Amino acid sequence: KHASKIRLDNVKQSQVREKDKADRATAELVLDNRTRMILLQMINRGFVSEVHGAISTGKEANVYGAVLYPENADEPTQKAIKVYKTAILGFKDRERYITGDHRFKGGVGKGNNRKMIEAWAQKEFRNLNRIYDNGIPCPEPITYKKHVLVMGFLGDKRGYAYPRLRDARLVGDNVEEQWHSLYVKLLGIMRRLYQVCELVHADLSEYNILYHDKELYIIDVSQSVGHDHPRALEFLRMDIKNVGDYFRRQGVDTLQDRTVFNFITA
Ligand code: ATP
Ligand code: MN
């Protein structure tokens, strides 16, 4: 049986560059006692066995790699743990996503920063459930507690996360064709997200999509809103613009934003 532990000193992620050292220091600061307690509880409850180094350190959240060694002799599975930060900066404009979401009516006050970030974890968990259950590629939602979310890991066996679409390097003699079919695929995903999941991502771009083996994975859905949210269509237009701009830069002959909007909402 494997010992359970939180191993933050032994960082295996090799994407970490020198100039990320400052970020990494910040990353370890985010593991205050409350966060450690929650991680230990998740270990005790068998959601994960070990917590590893940071996959990503950002303004609003850090994402850590983790492993679960199952009770039976099954292969260990990799997980990802997103820890939302209690920083006051960066959360001010997030208010607008919660306001108007009937699931959070009267629940989240502006002044209560802690309740606010806890709402983000819950929101991301619920949104992931809807997206995952409808068969759109995304991390498998596993559990959440307070400001900590556990999900499936999107990456290879060595622990390398799949690249963001922003960093994906397509290879082969039909790269142009591949970009075109990724574009078409993404429009289909956006349509299903809207029509079937009844969600608008609201922060969709090449930074919140992971790429692997011709597949696109939607991530970072804490700010996603229901399609009945008062600003849903405004957010959708923003998503459509980001996606169109990016694929146009990759040489794809993109559709007009208006056409895409009609395709998604019709
Ligand atoms: P910030 O805005 O602070 O950077 P964020 O809210 O953008 O954080 P995410 O986009 O959800 O956080 O995740 C940040 C990065 O972590 C992603 O770009 C991706 O590289 C990695 N990541 C997130 N979730 C997973 C996952 N389930 N599997 C593998 N990698 C992941
Ligand atoms: Mn992101």
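Please read all numbers here as calculations on a predicted model, not as lab measurements. (Residues numbered from 1 in each chain as written. Chains lettered and ligands numbered in written order. Predicted model: local features only at pLDDT ≥ 70, side-chain atom pairs only at ≥ 80, totals over all residues.)

What follows concerns the site of ligand 1. For ligand 1, the set of nearby residues contains 20 residues, the closest of which are Ser56, Gly58, Pro139, Ala161 and Asp220. Among the elements of the structure, strand 2 (50–57), strand 3 (61–68), strand 4 (77–84) and strand 6 (148–152) are those that each provide at least two residues to the shell around ligand 1. Broken down by class, the residue content of the shell around ligand 1 amounts to ten nonpolar, five polar and five charged. (Near = placed C-beta within 6 Å. Helix = DSSP H or I, 4+ residues; strand = E, 2+ residues; numbered from the N terminus. Nonpolar A, V, L, I, M, F, W, Y, C, P; charged D, E, K, R; others polar.)

Looking now at the packing of helix 6 (residues 232–249) against helix 7 (residues 257–265). Running from N to C, helix 6 and helix 7 cross one another at 125°; their axes reach a closest spacing of 10 Å. What the angle tells us is that helix 6 and helix 7 run oblique. Along this stretch, helix 6 crosses helix 7, giving a crossing that reads as right-handed. From helix 6, Leu236, Arg237, Ile240, Lys241 and Gly244 reach across to helix 7, where they touch Asp257, Val260, Phe261 and Ile264. Class assignment for the residues of the contact of helix 6 with helix 7 results in five nonpolar, one polar and three charged. (Axes fitted to C-alpha atoms, helices over the stretch in contact; angles between N-to-C directions. Parallel < 35°, antiparallel > 145°, perpendicular 65-115°, else oblique. Left-handed = near helix turned anticlockwise from the far one by under 90°. Contact = placed C-beta atoms within 7 Å.)

Turning our attention to the UniProt feature "active site" (unreviewed entry) in the chain. Mapped onto this numbering, the UniProt entry gives "active site" (unreviewed entry) at Asp203 and Asp220. Spanning 18 residues, the annotated positions come together in the fold, the maximum distance between their C-alpha atoms being 7.9 Å. Looking at where Asp203 falls in the secondary structure, it is placed in the loop between strand 7 (199–200) and strand 8 (209–212). A tally of 18 C-beta atoms within 10 Å means that Asp203 is categorised as partly exposed. Contacts of Asp203, omitting those with residues within four sequence positions, involve Asn208, Asp220 and Gln223. By the secondary structure assignment, Asp220 is in the loop between strand 9 (215–218) and strand 10 (225–226). (UniProt positions renumbered as here; feature names shortened; annotations may be inferred. Buried ≥ 20, exposed ≤ 12 C-beta atoms within 10 Å, placed from the backbone.)

Turning next to the domain arrangement of the chain. In terms of domains, the chain is made up of domain 1 (5–152) and domain 2 (165–265). Opposite the 17 residues of domain 1 that make contact, domain 2 presents 21 residues. Element by element, the count of residues in the side of domain 1 that touches domain 2 is highest for helix 4 (residues 113–133), at seven residues. Here the residues of the side of domain 1 that touches domain 2 are counted per class, giving eight nonpolar, three polar and six charged. (Domains from an automatic or database assignment.)

Within strand 2, six of the eight residues are buried, leaving the element largely enclosed by the surrounding structure. Two elements, strand 2 and strand 3, share five bridges in a ladder whose sense is antiparallel. Of the residues in strand 3, the one forming a bridge with Ala54 is Tyr64. In this structure, the hairpin formed by strand 2 and strand 3 is closed by a connection of three residues. (Pairing = 2+ DSSP bridges.)

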